[in-house]
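# Inside the fold
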Amino acid sequence: MSNRLVRINELVQRELNAYLRKRYQSEAAALTITSVEIAPDLKTGKAHVAILGDAAYVAARMEWLQKRAGELRREVGRQIVIKWTPLIEYVLDEAPARAARVMQVLEEIDRQAPRGTSPE
């Protein structure tokens, strides 16, 4: 991946997060754009979204975000000067949920381990 594409990805991610925080402060409180992957032709891309909450809340926030995709694309186009404003697909990022589950399992193992012995 070229340095230019890396910079564009980071810039789009920063602008999306900033706009969501500014315009939709309460609705986007538990929502974070964790990464953006713009295609080399700059016409399409994926934004990975982490949402804190139960499954119903996550589904509702993803639907809410999909409805505002056009508005977000227009805002990115206003803030970033590139040849094309990419059409961004929003996908759920499962990494934070997996990380939380791993931490929960490790804490459970730690609680069950007998005290005074060192793990090998």
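Heads up: the structure comes first, above all this text.
Residues numbered from 1 in each chain as written. Predicted model: local features only at pLDDT ≥ 70, side-chain atom pairs only at ≥ 80, totals over all residues. Heavy atoms only, no water.

## So, the overall build of the protein
Looking only at helices and strands, one finds 4 helices and 3 strands in the protein. N-terminal to C-terminal, the α/β element order of the protein is α-β-β-α-α-β-α. Relative to the 2.2 N^0.38 estimate, which gives 14 Å for 120 residues, the radius of gyration of the protein is 19 Å and therefore markedly larger than a compact globule would have. Considered along the principal axes of its C-alpha atoms, the protein spans approximately 65 × 35 × 20 Å. Taking all 120 residues of the protein together, 34% fall into the buried category. Put simply, of all contacts in the protein between residues at least 6 apart along the chain, 58% involve residues at least 24 apart. Accessible surface for the protein amounts to roughly 8,200 Å². Of this, 53% is attributable to carbon and sulfur atoms. Positive and negative charge centroids in the protein, built from 19 and 16 side chains respectively, lie 9 Å apart. (Helix = DSSP H or I, 4+ residues; strand = E, 2+ residues; numbered from the N terminus. Rg over C-alpha atoms; globule rule 2.2 N^0.38 Å. Buried < 20%, exposed > 50% of the residue type's maximum accessible area, 1.4 Å probe, protein only. Contact = heavy atoms within 4.5 Å. Areas by Shrake-Rupley, 256 points an atom, 1.4 Å probe, with all protein chains shown as cover. Lys, Arg positive; Asp, Glu negative; His and termini not counted. Charge placed at Lys NZ, Arg CZ, Asp CG, Glu CD.)

## Here's the deal with helix H1 (residues 3–23)
Between its first and last C-alpha atoms H1 spans 30 Å; for 21 residues at 1.5 Å apiece the expected length is 30 Å, and the two agree. Of the positions making up H1, those classed as buried are Leu5, Ile8, Asn9, Val12, Glu15, Leu16, Asn17, Tyr19 and Leu20. In this structure, the buried residues of H1 make contact with strand S1 (31–38), strand S2 (44–51), helix H2 (55–67), helix H3 (69–79) and strand S3 (87–92). (Expected span 1.5 Å × (residues − 1).)

## Re the packing of aromatic side chains
Enumeration over the complete set of coordinates arrives at 2 aromatic pairs. Each ring, one from Tyr19 and one from Tyr24, has its centre 6.4 Å from the other, and the planes form 85°; the classification is edge-to-face. You'll find Tyr19 and Tyr24 in the same group, each marked buried. Taking the centre distance of 5.0 Å and the plane angle of 90° together, the rings of Tyr24 and Trp64 count as edge-to-face. Here Trp64 lies in helix H2 and Tyr24 lies in the loop between H1 and S1, a separation of 40 residues in the sequence. Side by side, Tyr24 and Trp64 carry an identical accessibility label, which is buried. Of the aromatic side chains, those joined through ring pairs into one cluster are Tyr19, Tyr24 and Trp64. Lying across the ring of Trp84, Lys43 places its NZ or CZ 4.5 Å from the centre. (Phe/Tyr/Trp six-rings, centres within 6.5 Å; stacked < 30°, edge-to-face > 60°. Lys NZ or Arg CZ within 6 Å of the ring centre and 35° of its normal.)

## What about unusual backbone geometry?
The phi dihedral of Leu42 is positive, around 65°, even though this residue is not glycine. Looking at the secondary structure, you find Leu42 in the loop between S1 and S2.

So yeah, pure geometry; function would need other evidence.
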